[in-house]
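Residues per chain are reported as follows:
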Amino acid sequence: MTAAFTFPGQGSQAVGMGKALADAFPAARAVFDEVDAALSEKLTAIIWDGPAETLQLTENAQPALMAVSIATLRVLEAEAGFSVGRDAAFVAGHSLGEYSALAAAGSLTVSDTARLLRTRGLAMQKAVPVGAGAMAALLGLDYEAAMAVANEAAQGQVCQAANDNGGGQVVVSGDKAAVDRAVEIAKTKGAKRAMLLPVSAPFHCKLMQPAADAMAEALSKVTIKAPAAPLVSNVLASAITDPDEIRRRLVEQVTGTVRWRESVAYMAGQGVTRFFEIGAGKVLTGLVKRIADGAVGVAVGGPNDIAAAKDALKDALAAAKQG
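This one's a predicted model, so the numbers in the text were calculated from it and none came from an experiment.

*Asks:* What is the right way to look at helix H5 (residues 58-80) in this model?
*Replies:* Because each turn of an α-helix spans 3.6 residues, side chains separated by three or four positions in sequence point in the same direction. Between its first and last C-alpha, H5 extends 32 Å over 23 residues, near the 33 Å set by a 1.5 Å rise per residue. Along H5, 18 of the 23 residues are buried, which leaves the element largely enclosed by surrounding structure. In the segment just after H5, Gly 81 is the residue with positive phi, at about 75 degrees.

*Asks:* What am I meant to see in the sheet that holds strand E6 (residues 193-196) here?
*Replies:* The strands making up a sheet are joined through hydrogen bonds of the backbone, oriented either antiparallel or parallel. One open sheet accounts for four strands, arranged E4-E5-E3-E6; its pairing is antiparallel. Edge positions in the sheet fall to strand E4 (159-164) and E6, since each has one partner strand and no second. Across the sheet, the mean angle from the axis of one strand to that of its neighbour is 25 degrees, orientation sign disregarded. Summarising the sheet, strand E3 (residues 133-139) and strand E5 (residues 169-175) pair through seven bridges and their orientation is antiparallel.

*Asks:* What is the right way to read the pattern of salt bridges from this model?
*Replies:* It is possible for side chains of opposite charge to pair when their charged atoms get near one another. Inspection of every chain in the model, using the stated rule, returns 14 salt bridges. Glu 41 is paired through a salt bridge with Arg 118; the nearest N and O atoms lie 3.0 Å apart. With a gap of 77 residues between them, Glu 41 in the loop between helix H2 (26-39) and helix H3 (43-49) and Arg 118 in helix H8 (residues 110-126) connect regions that are remote in the sequence. With a relative accessible area of 30%, Glu 41 lands in the partly exposed category. Ionic pairing is found between Asp 180 and Lys 176, a salt bridge with its closest N-O pair at 2.8 Å. Here Asp 180 pairs with Lys 176, and both are found in helix H10 (residues 176-188), just four residues apart, close to one helical turn. A residue is classified by how much of its surface remains accessible, and Lys 176, at 30% relative accessible area, is partly exposed. One salt-bridge network, held together by shared partners, links Glu 245, Arg 249 and Glu 252.

Rules used throughout
- Residues numbered from 1 in each chain as written.
- Predicted model: local features only at pLDDT ≥ 70, side-chain atom pairs only at ≥ 80, totals over all residues.
- Heavy atoms only, no water.
- Helix = DSSP H or I, 4+ residues; strand = E, 2+ residues; numbered from the N terminus.
- Expected span 1.5 Å × (residues − 1).
- Buried < 20%, exposed > 50% of the residue type's maximum accessible area, 1.4 Å probe, protein only.
- Pairing = 2+ DSSP bridges.
- Axes fitted to C-alpha atoms, helices over the stretch in contact; angles between N-to-C directions.
- Salt bridge = Lys/Arg side-chain N within 4 Å of Asp/Glu carboxyl O.

Listed below in structure tokens is the structure:
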């Protein structure tokens, strides 16, 4: 198998996402109905009608993005013959997308995933007082250089790499003053740009430990099955299938670095040549092209993408047979 199924993270959300799929395909509509029922509220009304500020709240954006990803996958299964177990060498997701990946691979139920992501969003927002933390993108520095900037900026506070996205894009996270220092230091170390991000909390750093504790408790109460395709873990950048390890790594992920560059490189090194980004936006598709030479990114998020995805999967299966 030369295909990987990947799932986007927070920041890819947009009001109206998934609506065209739900209108056109009952399989997609059923997923949104299931998520609404799991949360005992009409999250779909926020996803499709906004307002944008409400959708962007972490507690809403996380389950919403998962819902769109799984709705898209269900359409791919019904209309294009996709099968995670048969067609995917790996599944992977960026931050919250790791939960979408596990739902896609049958490791978690959609209902449990929706509730876990609501808990995760609330816990991450609550972990640090608003304004006490920050995140910044350092563009044009490789991971090692960005780490050196973060270490220099810490000065006894928290400043660490939150996302290693690839293509010279590293995000740092931590105490507001330390992240402010990192922005200024990065500019002296050759960064093309260094800028604070409009986020409500400093995700993926040690300050998120209260949220990690909350997720450890929440995850202990749900059933996790072995995924139909191996999960490439954010914190390991390698594949895992054992349910207990998946649970443990999901907890570590809250405070750990999202090692996306290494994750994509790992999958490419294992023979993956086509990366299907399933859900909202095209962020991961853009990153794939920067990380893995010759890899093809296929973004699937609306009805018009289904036919192209079907053709791309055929190409991937043909390539696998030739290999």
